[in-house]
Amino acid sequence: MSSFRIASRYAKSLLDLAIEQGKLDIVSKDVSLFVEATKNRDLALLLKSPIVKSDKKEKVLDAIFADKIDALTNSFLHIIVRKGRESQLAEIAQEFINQYREIKGISIVNIVSAEAISEETLSSIRKKLVDSKMTRGNIEFKTSVDPNLIGGFVISFEDKLYDASVKHQLDELRNQFSWKDYQAGI
């Protein structure tokens with residue numbers, strides 16, 4: 001079975017259980033915490049290591065998360081480790097977050113700009129996206145800075161792209177000039 005299918009099935013199981021117990025938002029925060037923790041290279045390598053026994057991995061997870069996460073999430077982590085799927089925990093957690101966003105109607109909007117974007121600008125972009133009904137309503141921004149854009153920004157979400165960067169506009173002008181035949185005036 002593919003890694004994606006495994007991650008999808010386990011994530012769906014946790015999601016369904018969290019909904020059933022009325023702990024969806026709590027478990028979502030726990031899983032987000034776990035995803036952040038797995039960005040630590042040592043923890044990621046420990047979970048993927050076939051040399052370290054599963055009982056030691058469970059003890060490490062308990063030491064890190066026992067008092068920080070809900071019992072449901074903690075039990076889920078232990079089940080995954082006992083099933084020998086701990087090497088896929090990061091993928092399962094990421095898939096859970098994706099499915100959670102789908103259920104809650106949260107759109108991820110990626111914004112790349114030439115300079116850091118202020119909260120005021122983000123609020124304005126949020127308002128325009130919601131008013132135009134281009135997103136499902138709830139918006140989560142992921143911002144990054146790329147000085148190569150020269151100015152402006154690029155917004156991408158779902159299957160849409162809006163490029164309002166100076167670099168894009170200069171490229172468009174360059175293309176227009178290169179495709180036209182210009183004749184010298186007589």
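Described below are features of the structure shown in this document. Just so you know, these numbers come straight off a predicted model, no measurement behind them. (Residues numbered from 1 in each chain as written. Predicted model: local features only at pLDDT ≥ 70, side-chain atom pairs only at ≥ 80, totals over all residues. Heavy atoms only, no water.)

## Thoughts on the pattern of salt bridges
Point 1. Going through the model one piece at a time under the given rule, you end up with 13 salt bridges.
Point 2. Here glutamate 58 makes a salt bridge to arginine 82, at a shortest N to O gap of 3.7 Å. On the criterion of sequence distance, the pair formed by glutamate 58 in helix α4 (residues 54-65) and arginine 82 in helix α5 (residues 71-82) is long-range, its members being 24 residues apart.
Point 3. When its relative accessible area of 57% is taken as the criterion, arginine 82 is described as exposed.
Point 4. Here arginine 101 ties to glutamate 140 by a salt bridge, and the two come within 2.8 Å at their closest N and O atoms. Taken as a pair, arginine 101 in helix α6 (residues 89-104) and glutamate 140 in strand β2 (residues 138-145) lie far apart in primary sequence, 39 residues in all.
Point 5. Residue arginine 101 is classed as buried on the basis of its relative accessible area of 14%.
Point 6. Where salt bridges share partners, they join Glu158, Asp159 and Lys160 into one cluster. (Salt bridge = Lys/Arg side-chain N within 4 Å of Asp/Glu carboxyl O. Helix = DSSP H or I, 4+ residues; strand = E, 2+ residues; numbered from the N terminus. Buried < 20%, exposed > 50% of the residue type's maximum accessible area, 1.4 Å probe, protein only.)

## Comments concerning helix α1 (residues 3-21)
Point 1. For α1, which comprises 19 residues, the first-to-last C-alpha distance of 27 Å matches the rise-based estimate of 27 Å (1.5 Å per residue) to within 8%.
Point 2. Against α2 (24-37), α5 and α6 lie the buried residues of α1.
Point 3. Just past α1, the residue glycine 22 takes up positive phi, approximately 70°. (Expected span 1.5 Å × (residues − 1). Contact = heavy atoms within 4.5 Å.)

## Observations concerning helix α7 (residues 119-131)
Point 1. Helix length check: α7 (13 residues) gives 18 Å between terminal C-alpha atoms against 18 Å at 1.5 Å per residue, within 8%.
Point 2. Turning to α7, its buried residues number three or more, namely Leu122, Ile125 and Leu129. The buried residues of α7 occupy an angular sector of 65° when the element is viewed end-on, so they sit on one face. The outward face of α7, more than 90 degrees from its buried face, is lined by the exposed residues Glu120, Lys127, Lys128 and Asp131.
Point 3. In this structure, the buried residues of α7 make contact with β1 (106-113), β2 and β3 (153-157).
Point 4. Looking one or two residues beyond α7, the residue adopting positive phi is lysine 133, at roughly 60°. (Arc of directions from axis to C-beta.)

## Some words on the packing of aromatic side chains
Point 1. Overall, the coordinates contain 2 aromatic pairs when judged by the stated rule.
Point 2. Ring geometry for phenylalanine 34 and phenylalanine 65: centres 5.6 Å apart, planes at 50°, overall tilted. Residue phenylalanine 34 is found in helix α2, and its partner phenylalanine 65 is found in helix α4; the two are separated by 31 residues along the sequence.
Point 3. For phenylalanine 34, a relative accessible area of 4% puts it in the buried group. (Phe/Tyr/Trp six-rings, centres within 6.5 Å; stacked < 30°, edge-to-face > 60°.)

## Let's talk about the environment of isoleucine 139
Point 1. Looking at where isoleucine 139 falls in the secondary structure, it is placed in strand β2.
Point 2. Counting along the chain gives 10 residues from isoleucine 139 to leucine 149, while the straight-line C-alpha distance between them is 24 Å.
Point 3. Ignoring sequence-local partners within four residues, the contact set of isoleucine 139 consists of Ser107, Val109, Arg126, Leu129 and Val130.

## Digging into the sheet that holds β3
The strands making up a sheet associate through backbone hydrogen bonding, with each pair oriented either parallel or antiparallel.
Point 1. On the basis of which strands lie adjacent, the open sheet formed by 4 strands has the order β2-β1-β3-β4 and mixed pairing. Edge positions in the sheet fall to β2 and β4 (160-163), since each of these pairs with one other strand and no more. Averaged over all pairs of adjacent strands, the angle between their axes in this sheet comes to 15°, without regard to strand direction.
Point 2. By the bridge criterion, 5 bridges tie β1 to β3 in an arrangement that is antiparallel. For serine 113, the partnering residue across the bridge sits in β3 and is phenylalanine 153.
Point 3. Contacting β1 and β2, α6 runs over the sheet at an angle of about 110° to β1.
Point 4. Strands in contact with α7 are β1, β2 and β3; relative to β2, the strand with the most contacts, it is inclined by about 135°. (Pairing = 2+ DSSP bridges. Axes fitted to C-alpha atoms, helices over the stretch in contact; angles between N-to-C directions.)

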